[in-house]
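Letter by letter, the chains look like this.
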Amino acid sequence: MALGFWMNNKNCYGCKTCSIACKSEKQLNNGVLLRHVIEIKQKEPLAVSFLSMSCNHCEEPACLKNCPVQAYTKLENGIVQQNHDLCIGCQTCVEACPYGAPCYDEQESKTYKCDMCVDRQAAGLLPACVAACPGMNLAVDEMDSLQSSHTADIVSDDATETQPNFVITVDPLLKGEPDNVVVENVASKA
């Protein structure tokens, strides 16, 4: 079974520590974020909540299928990894990804994408975003384990073309699922 992320929309308070930890771990340039904290606003009943999103390490990744230089590979554990040395900066992966996961670095003229901190996991550590979250609102594990360990209000499904791997616990104040309400990206260009 593939690895995926669990995101707790119910208790996330939008501190962006996950995003900054990722940026610091990967030593990314200004304007490049691999994890975004999204603000979700609802008018009736009034609710404001947050959701931390990055690459969904899809079963059928659009970035991999559309990269003209084969800079992407899918590892046995489901992680979709980019060979940054092969990237030519064409941004085809950025355009192909329905989740906006790859991020173009204008300074370097190349694209970056979350690799679930594959190097940290190989050393027995959690991904930087998961380790840094002060509210423990992120986790990484096999999809079956995530669904059985956490309230799984939204689970990626096979009906989506790319078949993303994520589990979301939704704030009960939201009338609809986070993708059905007004979503505003509040991740600042760091």
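Residues numbered from 1 in each chain as written. Predicted model: local features only at pLDDT ≥ 70, side-chain atom pairs only at ≥ 80, totals over all residues. Heavy atoms only, no water.

1. Describing the nonpolar core
Generally speaking, soluble globular proteins have nonpolar side chains that are buried together. One finds Phe5, Met7, Leu34 and Ile168 to be the most contacted residues of the largest nonpolar core, which totals 34 residues. Going through the elements one at a time, β1 (3–8), α1 (17–26), β2 (36–42), β3 (47–53), α5 (128–132), β8 (138–142) and β10 (166–169) are the ones with two or more residues in this core. Among the elements that line this core, the one with the most residues is β3, at four residues. Contacts of Ile168, omitting those with residues within four sequence positions, involve Met7, Asn9, Leu51, Thr151, Ala152, Asp153 and Ile154. In terms of nonpolar packing, the next biggest core, distinct from the first, is built from six residues, Cys63, Cys67, Tyr72 and Val80 among them. (Core = buried A, V, L, I, M, F, W, Y, C linked by side-chain atoms within 4.5 Å. Buried < 20%, exposed > 50% of the residue type's maximum accessible area, 1.4 Å probe, protein only. Helix = DSSP H or I, 4+ residues; strand = E, 2+ residues; numbered from the N terminus. Contact = heavy atoms within 4.5 Å.)

2. With respect to the side chain of Asn8
Mapped onto the elements, Asn8 comes out in strand β1. Take Asn8: its relative accessible area is 7%, and that puts it in the buried class. A polar atom in the side chain of Asn8 sits 3.3 Å from the backbone nitrogen of Asn11. If sequence neighbours within four positions are ignored, Asn8 has contacts with Asn137 and Thr169. (Polar contact = N/O pair within 3.5 Å; in protein donor to acceptor, adjacent residues only side chain to side chain.)

3. A look at the confidence of the model for the protein
Mean pLDDT over the protein works out to 90, with 90% of the residues at or above the 70 mark. Least confident of the elements in the protein is strand β11 (residues 182–185), whose mean pLDDT is 43; most confident is α5, at 98. Across residues 180–190 the pLDDT falls below 50, and counting only partners more than four positions away or on other chains, this stretch makes 32 contacts in the model. (pLDDT = per-residue confidence, 0-100.)

4. Here we look at the sheet that holds strand β9 (residues 154–155)
On the basis of which strands lie adjacent, the open sheet formed by four strands has the order β8-β1-β10-β9 and mixed pairing. For this open sheet the edge positions go to β8 and β9, each flanked by a neighbour on one side alone. Note: β1 against β10, four bridges, orientation parallel. Following the sheet pairing, Met7 is matched in β10 by Ile168. (Pairing = 2+ DSSP bridges.)

5. A short note on empty space enclosed by the protein
Under the counting rule described, the total for this entry stands at four cavities of 30 Å³ or more. For the largest cavity, the calculated volume is near 110 Å³. Cys12, Cys18, Ser52, Cys133 and Asn137 are the residues nearest the centre of the largest cavity, which is lined by 16 residues in total. Looking at the lining of the largest cavity, the elements that each hand over two or more residues are β1, α1 and β3. Size it by volume and the second largest cavity reaches roughly 90 Å³. The wall of the second largest cavity is formed by 15 residues, among which Cys55, Cys58, Pro61, Cys63 and Cys97 lie closest to the centre. Each residue belonging to the lining of the second largest cavity can be placed in one class, and the counts come to 11 nonpolar, three polar and one charged. (1 Å grid on protein atoms, 1.4 Å probe; cavity = no way out; pocket = protein on both sides within 12 Å on 5 of 7 lines; lining within 4 Å. Points joined across faces, edges and corners; volume = space filled by probe spheres on them. Nonpolar A, V, L, I, M, F, W, Y, C, P; charged D, E, K, R; others polar.)

6. Considering the pairing of β10
The two faces of β10 match: Phe166 and Ile168 on one face and Val167 and Thr169 on the other face are all buried. Bridge analysis of β9 against β10 gives two bridges, and the strand direction is antiparallel. Along β10, the bridge assignment pairs Val155 with Val167.

7. Quick word on unusual backbone geometry
Following Glu44, the chain continues to Pro45 via a peptide bond in cis, the omega torsion being -10 degrees. Structurally, the position occupied by Pro45 is in the loop between β2 and β3. For Gln27, which is not glycine, the phi torsion reads 50 degrees and is therefore positive. Note that Gln27 resides in the loop between α1 and β2. Take Gln27: its relative accessible area is 64%, and that puts it in the exposed class. The phi dihedral of Ser109 is positive, around 60 degrees, even though this residue is not glycine. Among the secondary structure elements, Ser109 is positioned in the loop between β6 (103–105) and β7 (110–112).

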